[in-house]
Amino acid sequence: MSGLPPWLEVVVRAVAVLAAFLVLPLLVGQTEHKVMAHMQGRLGPMYAGGFHGWAQLVADGVKFVQKEDITPAKADRWAFRLAPFVALIPYLMALAVIPLSPTVVGADVDASVVLVLAVIGVGVIGTLMAGWASANKYSLLGAMRAAAQLVSYELPMVLAVASVALAAGSLSLVSIAEAWKPWWLLWQLPGAIVFLVAALAELQRPPFDMPLADSEIVFGAFTEYTGLRFAFFLLAEYAGIVVMSLLFAVLYLGGWSGPFEQWLGWLWTLLKGFLVAVVVIWLRVSWPRMREDQLQRLAWVWLVPIALLQLALTAVGVVMTS
Amino acid sequence: MGDGILPGLVKGLATTAKSLTRHTHTAEYPDVSPALPPRSRGVIALTEENCTSCMLCARECPDWCIYIDSHKEELPPTTPGGRARQRNVLDRFAIDFSLCMYCGICIEVCPFDALHWSPEFEYAELDIRDLLHEKDRLGAWMATVPAPPALDPGSADPAEVTAAAKPPRAAGAAGGTRGAGAAVRPTRVRKEATPAPAGTTTPPTTDATRSTTDSTPSTATAPSTETAPTATPRPATPAAEQTRVMPAVERTAAFPVVEQPPVTPPADGAEAEQAADQAAAHGDSTQVLPTVSTDSAAPTERTDEEGRE
């Protein structure tokens, strides 16, 4: 990369991040199709693309593009149309700063942990915009639930990440992953669990899909969306899984540490992230949706205290070892 | 959060993980044809040659979805001085599968094994009216009918086998051992056929002559409807007589007399003898079949020898 002129390097990096942003969510989505199907004793898509339906999501994309883009008459047009992008772009930015290895990273930012957490929090604004602008009660309810959920789960998540950052003594994802040692798996285990649960909740994935709850409020904030804009919301969800899984791999699983990490480091990060994504899918298949009050209770009664305890434990560990 | 939740969550994870490793239950139907159990009720196939248009199936059908048209045909006597016989010729046999409820009563009730269950099920149509299938289509399905299931070990012999094993009547000196039926039958039948004219009791002969006059001479398809109206006084009471004369055995016997090699149903010697006797006695058994059809032309076609005049 260093041999290129700066502007070309920027273009190359941007294109690479965009490519990853478009490919990885589809990969996760296809994995979800297949893993979920087999967990339910089905086969999942088998036709699109010929081999075990590998092109199902491409076909879905083509279908979404062909659909009519409807804006409800009473909708707040600009907010309604802008919302999918507000939901989607934060994850693109987050993906840009998550390192696959010390060298394979879209943009190496100093306080990348802070940037990622801040940017992910913006995503919910898109959901809120969509819910409010749709002029639909279900949409509004869904958006309110999404906002309440984000407020509740952002705190334990930040606390859990703060614990890792404290342990590594850095706010840079690259430095954290490099400071990681295998015994952190045990040391940071409570924090890791809190992070995973909170990440699921932020992504509004089952069992935390109260904001979508299609048996109660149709499809929450996305009820009125059709075609490509709806597809963007779905893409945002799967991009979110990619971002959260990679973040988990970098923060808690040591990222690129593994055999031949000089050459294959990026592969290890991707594999670990993929593993986490499979777990996310697994949880979705296995568990029922939580009720709104259970959801809030879990955050405030369990996750926040556990995250605080983890922070204290980390602090003790850091003081003892230094 | 209650106490029972965590074990439940773990159980859920274990269940899904377990089924992930197992085989799926998906039937890849259009690509892989399903393994159907024996005696699957897919479609009803017709062996046209076995059908005598006796109408039993059409009458027993709970939703009246079987349509049968037939006419009578004169068969010349097989021996000089013999009596001409009549038989029914099937013109139309159709089953409306949009009405059929696959109860199988028609198949159960058919005395001549003309109807069979076929496991074939891929005959969906875009228009419900296209589900009315005529006899050529029903006959094409015969190729898909599986062989009948084997008998249980230790079960009794089927009826036709025990009948064939029975010693022939004392008069029939030829052969007489079991299993010789096929070789012996023609001679025996001819022997039976000859006494019929010799008997010369008046009623059968008059019946025969009468039937020759009004029923259509041999050309299969067309004219039964044409001739029928001319000779249809619409008698009031023949129904009781019709049903009386119906027994199936007589009718199986009618065929060997006629000597139609491919058509002969597998009635063995003894039965055939008996039946031929009865046929000779009644004389008119074959003529009585009512050709009820659901078409508009049906009533005119109802030729009925006994009630007339």
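Small disclaimer: the values here were computed from a predicted structure and weren't measured. Every chain's residues receive numbers from 1 upward, in the order its sequence appears when written. Chain labels run from A onward and ligand labels from 1 onward, assigned in the order the entries are written. Local features in this predicted model are restricted to residues whose pLDDT is 70 or higher, and side-chain atom pairs enter the listing and the counts only when it is 80 or higher, whereas totals over whole chains, interfaces and linings include all residues. Hydrogens and water molecules were not included; the side-chain quantities draw on all heavy atoms of the structure.

### Some thoughts on the overall build of chain A
Rules: Elements are defined by DSSP. Helices are runs of H or I of four residues or more, strands are runs of E of two residues or more, and each kind is numbered from the N terminus. Each residue gets one of three labels from its accessible area relative to the maximum for its type: buried under 20%, exposed over 50%, partly exposed in between, using a 1.4 Å probe on protein chains only. Contact criterion: two residues are considered in contact whenever any of their non-hydrogen atoms come within 4.5 Å of each other. The method behind every accessible area is Shrake-Rupley, applied with a 1.4 Å probe, and residues are considered shielded solely by the protein chains displayed.
Across its full length, chain A holds 12 helices and 0 strands. Burial statistics for chain A: of 322 residues in total, 52% are counted as buried. Partitioning the contacts of chain A with sequence separation of at least 6, the portion at a separation of at least 24 is 76%. Here chain A displays about 14800 Å² of accessible surface, and carbon together with sulfur accounts for 74% of that area.

### Digging into the packing of aromatic side chains
Residue and element names in this part refer to chain A. How we decide: Only centres within 6.5 Å qualify two rings of Phe, Tyr or Trp (six-membered ring in Trp) as a pair; their planes then separate them into stacked at under 30 degrees, edge-to-face at over 60, and tilted for everything else. Either the NZ atom of lysine or the CZ atom of arginine qualifies as a charge over a ring when it sits within 6 Å of the ring centre and within 35 degrees of the ring normal.
If you walk through the whole model with that rule in mind, you get 19 aromatic pairs over all chains. Considering the side-chain rings of Phe222 and Phe233, the 4.1 Å spacing of their centres and the 25° angle between planes classify their relative orientation as stacked. Placement of Phe222 in the loop between helix 9 (214-217) and helix 10 (227-252) and of Phe233 in helix 10 is noted, with a sequence separation of 11 residues between them. Taken together, Phe64, Phe80, Phe219, Phe222, Tyr225, Phe230 and Phe233 form an aromatic cluster joined through their ring pairs. Above the ring of Phe64, the side-chain terminus of Lys63 is found at 4.9 Å from the ring centroid. Across the ring face of Trp180, the terminal group of Lys272 is positioned such that the distance to the ring centre comes to 5.8 Å.

### A word on the packing of helix 5 (residues 137-168) of chain A against helix 12 (residues 292-321) of chain A
Residue and element names in this part refer to chain A. Selection criterion: Axis geometry follows a simple rule: fit a line to the C-alpha atoms, using only the stretch in contact for helices, then measure angles between N-to-C directions, giving values from 0 to 180 degrees. Between 65 and 115 degrees an angle is taken as roughly perpendicular, under 35 as roughly parallel, over 145 as roughly antiparallel, and anywhere else as oblique. For any helix crossing, the convention is left-handed if the near helix is rotated counterclockwise from the far helix by under a right angle, and right-handed if that rotation is clockwise.
Taken N-terminus to C-terminus, the directions of helix 5 and helix 12 make an angle of 10°; their axes are 8 Å apart at the nearest point. When the interaxial angle is binned, helix 5 and helix 12 end up roughly parallel. Handedness of the helix 5/helix 12 crossing: left-handed.

### Some details on the UniProt feature "binding site: [4Fe-4S] cluster 2" (unreviewed entry) in chain B
All names here are of chain B. We count it as follows: UniProt positions are given in the numbering used here, feature names are shortened, and annotations may be inferred rather than shown by experiment.
When the UniProt feature table is mapped to this numbering, "binding site: [4Fe-4S] cluster 2" (unreviewed entry) covers Cys61, Cys100, Cys103 and Cys106. With the annotated positions falling across 46 residues, the maximum pairwise C-alpha distance of 10.4 Å places them together in a single cluster. Within the secondary structure, Cys100 is located in the loop between strand 3 (85-96) and helix 3 (105-109). Contacts of Cys100, omitting those with residues within four sequence positions, involve Ile44, Asp63 and Cys65. On the secondary structure map, Cys106 appears in helix 3. The contact partners of Cys106, leaving out residues within four places of it in the chain, are Ile44, Cys57, Ile66 and Leu115.

### Things to note about the side chain of A:Ser163
All names here are of chain A. The criterion, for reference: Polar contacts, as counted here, are pairs of nitrogen or oxygen atoms within 3.5 Å of one another; within protein the pair requires one atom able to donate a hydrogen and one able to accept it, and residues that are adjacent in sequence qualify only if both atoms are side-chain atoms.
Relative to the assigned elements, Ser163 resides in helix 5. A distance of 2.8 Å separates polar atoms of two side chains, one belonging to Ser163 and the other to Gln188. Those residues within four positions of Ser163 in sequence are excluded, and the remaining contacts are Gln188, Gln310, Leu311 and Thr314.

### Considerations on the pattern of salt bridges
Convention followed: Each reported salt bridge corresponds to a side-chain nitrogen of Lys or Arg within 4 Å of a carboxyl oxygen of Asp or Glu.
Under the definition given, this model contains 12 salt bridges over all chains. Where A:Arg291 meets A:Asp293, a salt bridge forms, and the shortest distance between an N and an O atom there is 2.8 Å. What makes A:Arg291 partly exposed here is its relative accessible area of 48%. As a salt-bridge pair, B:Arg87 and B:Glu73 come within 3.3 Å of each other at their nearest N and O atoms. Of this pair, B:Arg87 sits in strand 3 while B:Glu73 sits in strand 2 (residues 66-75), placing them 14 residues apart in sequence. B:Arg87 gets classed as buried once you look at its relative accessible area, which sits at 17%. The structure contains a network of salt bridges with shared partners spanning A:Glu32, A:Arg205, A:Glu237 and A:Arg284.

### So, the interface of chain A and chain B
One frequent convention defines the size of an interface as the accessible area lost when the parts assemble. Put simply, the rule is: Summed over both partners, buried area is the accessible surface (1.4 Å probe) that two parts give up on being assembled.
Listed as interface residues are 17 residues of chain A and, on the opposing side, 14 residues of chain B. Carbon and sulfur atoms supply 66% of the area buried between chain A and chain B, which totals about 1400 Å² over both sides. Counting the surface chain A buries against chain B, the share from its top three residues, A:Met39, A:Leu43 and A:Trp287, is 33%. Linking chain A to chain B there are 0 salt bridges. Where chain A packs against chain B, one counts 8 residue pairs in polar contact (both at pLDDT 80 or more). Those elements that place two or more of their residues in the side of chain A that touches chain B are helix 1 (6-39), helix 11 (261-286) and helix 12 of chain A. No other element matches the 4 residues that helix 11 of chain A contributes to the side of chain A that touches chain B.

### Digging into the UniProt feature "binding site: [4Fe-4S] cluster 1" (unreviewed entry) in chain B
Residue and element names in this part refer to chain B. Sites flagged by UniProt as "binding site: [4Fe-4S] cluster 1" (unreviewed entry) map to Cys51, Cys54, Cys57 and Cys110. For the residues just named, distributed over 60 residues, the greatest C-alpha separation is only 10.3 Å, placing them together at one site. Within the secondary structure layout, Cys57 lies in helix 2 (residues 56-60). Turning to its location among the elements, Cys110 is positioned in the loop between helix 3 and strand 4 (115-118). According to the relative accessible area criterion, Cys110 is buried, its value standing at 14%.

### Focus on the environment of B:Arg129
All names here are of chain B. Within the fold, Arg129 resides in the loop between strand 4 and strand 5 (132-133). It is 8.5 Å that separates the C-alpha atoms of Arg129 and Asp96, two residues lying 33 residues apart in sequence. Separated by 2.8 Å, the side chains of Arg129 and Asp127 make a polar contact.

### Here we look at the nonpolar core
Generally speaking, soluble globular proteins have nonpolar side chains that are buried together. The line we're drawing: Nonpolar cores were defined as sets of buried Ala, Val, Leu, Ile, Met, Phe, Trp, Tyr and Cys residues, with membership established by side-chain atoms within 4.5 Å.
A:Tyr153, A:Phe195, A:Phe208 and A:Leu251 are the most contacted members of the largest nonpolar core, which has 87 residues in total. Broken down by element, the residue count for this core peaks at 17 residues, all from helix 10 of chain A. Ignoring any residue separated from it by four or fewer positions in sequence, one finds A:Phe195 in contact with A:Met157, A:Ala160, A:Val161, A:Met244, A:Leu247, A:Phe248, A:Leu251 and A:Tyr252. Within the second largest apolar cluster, 29 residues are counted, among which are B:Ile44, B:Phe97, B:Cys110 and B:Tyr123.

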